[in-house]
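Remarks on the overall topology
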Amino acid sequence: MKRTILLLSAILVSATAVCQQYSPRETWPFLYEHFHKGCTRTMDDTLISESLFNITAKDGKLVYLGQGNIIMVPNMSRVYAARIENDVYANIGGRMYLVLSETEDGMVVLWMDVDEDALNKSDIGYGKSSVASTQKLSTLAIDGGSMTNRSLDSFTNDKYSGKELPMKSTYYLYVNNQLVRATKGDVMKVSGVDGKAAKEFFKQEKIKWKDVASLEKVLEFISSQIKE
């Protein structure tokens with residue numbers, strides 16, 4: 001696939017410590033507790049650096065601070081990749097995925113998003129039940145579009161007062177310009193992959209679906225199958 005993502009960073013970490021230490025909130029719906037220095041690479045390979053960036057918790061949009069600390073959303077169709085501190089993100093389909101590994105065959109990426117099912121569950125006294133009328137997600141200004149041209153101060157004044165947003169993380173493989181969920185079933189559905197060969201491969205390699213080293217092997221397997 002070689003335009004490389006790793007031009008943005010000399011080091012890739014297997015998990016993002018910043019995101020692990022902080023949980024987004026209704027009043028601060030971003031993956032990071034603070035905006036951090038970073039850079040972006042555009043689709044035409046232009047490098048834009050020394051800006052302060054964050055990622056929206058709901059839809060994975062890249063946001064940055066413009067003049068006067070106004071939160072801005074870039075044209076995502078022009079963003080190729082971004083680095084925020086030591087974390088590297090790839091823009092896939094208009095969403096920023098955390099890059100856990102990049103090989104000659106593709107990338108292992110992590111998608112972090114608000115868990116809508118958990119968010120829409122209401123406490124009714126006897127545990128939690130999903131209630132459609134709750135519609136909590138739609139009432140929260142947590143998507144990229146709703147944040148455009150808002151002042152950072154409008155969030156930070158009560159930054160920690162809101163409830164934590166339930167988050168979920170999903171591993172994906174990005175290979176041959178395809179985004180494939182890292183599961184047996186999804187890999188076997190990839191066009192060109194032989195199901196029987198895939199089952200044998202999974203068993204022989206003892207693939208662990210949340211282990212980066214294992215998923216790198218799956219990338220290589222998919223790539224070899226497609227090339228055949």
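Our structure is the block above this text.
What comes next concerns the included structure.

About the thresholds
Residues numbered from 1 in each chain as written. Predicted model: local features only at pLDDT ≥ 70, side-chain atom pairs only at ≥ 80, totals over all residues. Heavy atoms only, no water. Helix = DSSP H or I, 4+ residues; strand = E, 2+ residues; numbered from the N terminus. Expected span 1.5 Å × (residues − 1). Contact = heavy atoms within 4.5 Å. Pairing = 2+ DSSP bridges. Phe/Tyr/Trp six-rings, centres within 6.5 Å; stacked < 30°, edge-to-face > 60°. Lys NZ or Arg CZ within 6 Å of the ring centre and 35° of its normal.

Observations regarding helix α8 (residues 212-227)
- Its 16 residues place the ends of α8 23 Å apart at the C-alpha level, agreeing with the 22 Å of an ideal helix rising 1.5 Å per residue.
- In the core, the buried residues of α8 are packed alongside β7 (95-102), β8 (107-114), β12 (167-175), α6 (184-188) and α7 (195-205).

Looking at the pairing of β12
- Two elements, β8 and β12, share eight bridges in a ladder whose sense is antiparallel. Of the residues in β12, the one forming a bridge with Val 108 is Leu 173.
- Relative to strand β13 (residues 178-181), β12 is paired through four bridges, and the arrangement is antiparallel. Its bridge partner lying in β13, Tyr 174 is registered against Leu 179.
- Counted along the chain from β12 to the antiparallel partner β13, the turn is two residues long, and its residue Asn 176 has a positive phi close to 55°.

A few points about the packing of aromatic side chains
- Scanning the entire structure with this criterion turns up twelve aromatic pairs.
- An angle of 80° between the planes, with centres 6.2 Å apart, marks the rings of Trp 28 and Phe 155 as edge-to-face. Here Trp 28 is found in the loop between α1 (17-21) and β1 (36-42), whereas its partner Phe 155 is found in helix α5 (residues 153-156), with 127 residues between them in sequence.
- The rings of Trp 28, Phe 30, Phe 35 and Phe 155 are connected pair by pair, giving a single aromatic cluster.
- The ring of Trp 28 carries Lys 159 above its face, with NZ or CZ at 4.3 Å from the centroid.

In short, geometric facts, not functional conclusions.
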